[in-house]
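One letter stands for each residue in the lines below.
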Amino acid sequence: MYRLRAFRNSDPPHLAAIWRSQPAQRGILQPISPPLLEYAVFSKLNFERGGLIVATRDDVPVGFVHGGFGPTEDGLYLDTSLGVTQMLMVQGGSETEASLADDLLRASEEYLRGRGATVLYAGGVNPLNSFYLGLYGGSEIPGVLQTDHILRNAAQRANYREIDRVLIMQCDLARVRPPVSRELRAIKRTTQLIEKIDPEPKTWWEACIWGSLQRDVFSLFDKTQNRTVATASFWDMQPLSTCWGMTAAGLFDLEVDAKFRRKGYASYLLGEAIRVLRRRGVTTIEAQTMATNEAARDFYLKFGFTEIDHGVVFRKDSTL
């Protein structure tokens, strides 16, 4: 028999041990330690101990689940109407513990409903993405990894429905050759590449996500228009990329002004950013996009990215 209780300050070593007992998966950092959980979870501005529920047998933790929320539209406050079960793990990652996984998921749902959630997600996804970045998923939190059988199967048994898939794509910088064309040479003449390292967070929610991570933002400033027309944002994918044996940068935002789209600006900017990152020793870039976003998928494939993994976005109304 087991019992469920809220997180205690003495739990991190036990939670790290449960994490280390999981089967090897590309998108889950191993090995892990209490300081790494502190860095990516407990130290976050929006961490609530009531949302991290621990299952114990004979007072020894054997599983845990973590429920949380996303931001209001302006990014200034917590929006408790959207709830997400961010993480669910049981000792050994065993499917024989399906009943424990189901009870943990129900406990997370009860916590989220009790705080006002009317829509529930299983697996974090932007903007419900403030925990576990750097430990789970890759360049972003991609919902539930396809290899994460414990949370994926528990969500399906609990009547969550798959609403989308997140494609996880990587580009080997030793092989990529940025495109060259007359169009891109014209862009080079009229723009200036500007780099900003670790920009100040624009909102409270950005601080929740990026407070302890290093970001690198490249922008194209159009000298004829006297304004920025495109930006590409990366982060140093530590510590997850360490266990892959590579130095990786995560591309988490690529934006082009509406008037300048489909004119080569995204290709030129990404190519210039790759030149800079490659000189600094970055060997791989990872990006993610929704499977339904065919334009983004085709752009990455054309640039030399390949699909290496995927995540599933699960959702249900909280009354189900």
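Preceding this paragraph is the structure being described.
Values in this document were obtained by computation on a predicted structure and should not be read as measured data.

A look at the overall build of the protein chain
In terms of helices and strands, the protein chain carries eight helices and 13 strands. Principal-axis analysis of the C-alpha atoms gives the protein chain an extent of 70 × 40 × 30 Å. Within the protein chain, the proportion of its 320 residues that are buried is 53%. In the protein chain, the share of contacts with a sequence separation of at least 24, taken over all contacts with a separation of at least 6, comes to 73%. Averaging the locations of the 38 positively and 37 negatively charged side chains of the protein chain gives two centres separated by 7 Å.

Concerning the layout of surface pockets
Considering only enclosed or pocket space, the second largest pocket measures out at about 200 Å³ in volume. Lining the second largest pocket are 13 residues, and of these Gln 214, Asp 216, Asp 236, Leu 277 and Val 282 lie nearest its centre. For the lining of the second largest pocket, the elements supplying multiple residues, two or more each, are strand E9 (215-222), strand E10 (227-236) and strand E11 (248-256). Ranked by residues supplied to the lining of the second largest pocket, first place goes to E10 with three residues. Residues of the lining of the second largest pocket, tallied by class, amount to seven nonpolar, two polar and four charged.

Here's the deal with the packing of helix H3 (residues 98-114) against helix H4 (residues 149-157)
At a minimum axis separation of 9 Å, H3 and H4 run at an interaxial angle of 70°. Relative to H4, the element H3 is oriented roughly perpendicular. Helix-helix and strand crossings are classified by hand; for H3 and H4 the assignment is right-handed. For the pair formed by H3 and H4, the contact residues are Ala 98, Ala 101, Asp 102 and Leu 105 on the first element and Ile 150, Ala 154, Ala 155 and Arg 157 on the second. Considered class by class, the residues forming the contact of H3 with H4 number six nonpolar, no polar and two charged.

With respect to unusual backbone geometry
For the bond from Asn 126 to Pro 127, the omega torsion is 5°, close enough to zero to count as cis. With respect to the element layout, Pro 127 can be found in the loop between strand E5 (119-122) and strand E6 (144-145). Cis peptide bonds are those with omega within 30 degrees of zero, and the linkage from Gln 238 to Pro 239 qualifies with 0°. For Pro 239, the position within the fold is in the loop between E10 and E11. Even without being a glycine, Asp 58 presents a positive backbone phi close to 50°. Tracing the backbone through its elements, the reader meets Asp 58 in the loop between strand E2 (52-57) and strand E3 (60-71). You can call Asp 58 exposed: its relative accessible area is 75%. Located in the positive-phi region is Asp 198, a residue other than glycine, with phi close to 50°. Secondary-structure assignment places Asp 198 in the loop between strand E8 (191-197) and helix H6 (204-210). Using a relative accessible area of 39% as the deciding quantity, one classes Asp 198 as partly exposed.

Observations regarding the nonpolar core
Within soluble globular proteins, side chains that are nonpolar generally end up buried alongside one another. Judged by nonpolar contacts, the single largest core of 63 residues is most densely connected at Leu 15, Trp 19, Leu 37, Phe 64, Leu 88 and Tyr 132. The element that contributes the greatest number of residues to this core is H3, accounting for seven residues. Within the second largest apolar cluster, 34 residues are counted, among which are Met 169, Leu 251, Ala 266 and Leu 269.

Let's talk about the pattern of salt bridges
Going through the model one piece at a time under the given rule, you end up with 17 salt bridges. One salt bridge in this structure joins Glu 48 and Arg 115, with 2.6 Å as the shortest N-O distance. On the criterion of sequence distance, the pair formed by Glu 48 in the loop between helix H2 (34-42) and E2 and Arg 115 in the loop between H3 and E5 is long-range, its members being 67 residues apart. We note a salt bridge from Asp 102 to Arg 157, for which the minimum N-O separation is 2.9 Å. You can see Asp 102 sitting in helix H3 and its partner Arg 157 sitting in helix H4, a full 55 residues away along the chain. Exposure remark for Arg 157: the relative accessible area of 38% places this residue in the partly exposed category. Among the ionic contacts, a cluster of salt bridges with common partners joins Arg 26, Glu 286 and Asp 309.

Observations regarding empty space enclosed by the protein
For the structure on display, the rule yields one cavity of 30 Å³ or more. Asn 46, Glu 48, His 66, Gly 67, Gly 68, Phe 69, Leu 78, Tyr 111 and Phe 131 are the residues that line the largest cavity. In terms of residue count, E3 provides more of the lining of the largest cavity than any other element does, four residues in total. In terms of residue class, the lining of the largest cavity is built from four nonpolar, four polar and one charged.

Thoughts on the environment of Ala 154
Along the polypeptide, Ala 154 turns up in helix H4. Taking the C-alpha atoms as reference points, Ala 154 and Glu 95, separated by 59 residues in sequence, lie 9.8 Å from one another.

Reading guide: rules and limits
- Residues numbered from 1 in each chain as written.
- Predicted model: local features only at pLDDT ≥ 70, side-chain atom pairs only at ≥ 80, totals over all residues.
- Heavy atoms only, no water.
- Helix = DSSP H or I, 4+ residues; strand = E, 2+ residues; numbered from the N terminus.
- Buried < 20%, exposed > 50% of the residue type's maximum accessible area, 1.4 Å probe, protein only.
- Contact = heavy atoms within 4.5 Å.
- Lys, Arg positive; Asp, Glu negative; His and termini not counted.
- Charge placed at Lys NZ, Arg CZ, Asp CG, Glu CD.
- 1 Å grid on protein atoms, 1.4 Å probe; cavity = no way out; pocket = protein on both sides within 12 Å on 5 of 7 lines; lining within 4 Å.
- Points joined across faces, edges and corners; volume = space filled by probe spheres on them.
- Nonpolar A, V, L, I, M, F, W, Y, C, P; charged D, E, K, R; others polar.
- Axes fitted to C-alpha atoms, helices over the stretch in contact; angles between N-to-C directions.
- Parallel < 35°, antiparallel > 145°, perpendicular 65-115°, else oblique.
- Left-handed = near helix turned anticlockwise from the far one by under 90°.
- Core = buried A, V, L, I, M, F, W, Y, C linked by side-chain atoms within 4.5 Å.
- Salt bridge = Lys/Arg side-chain N within 4 Å of Asp/Glu carboxyl O.

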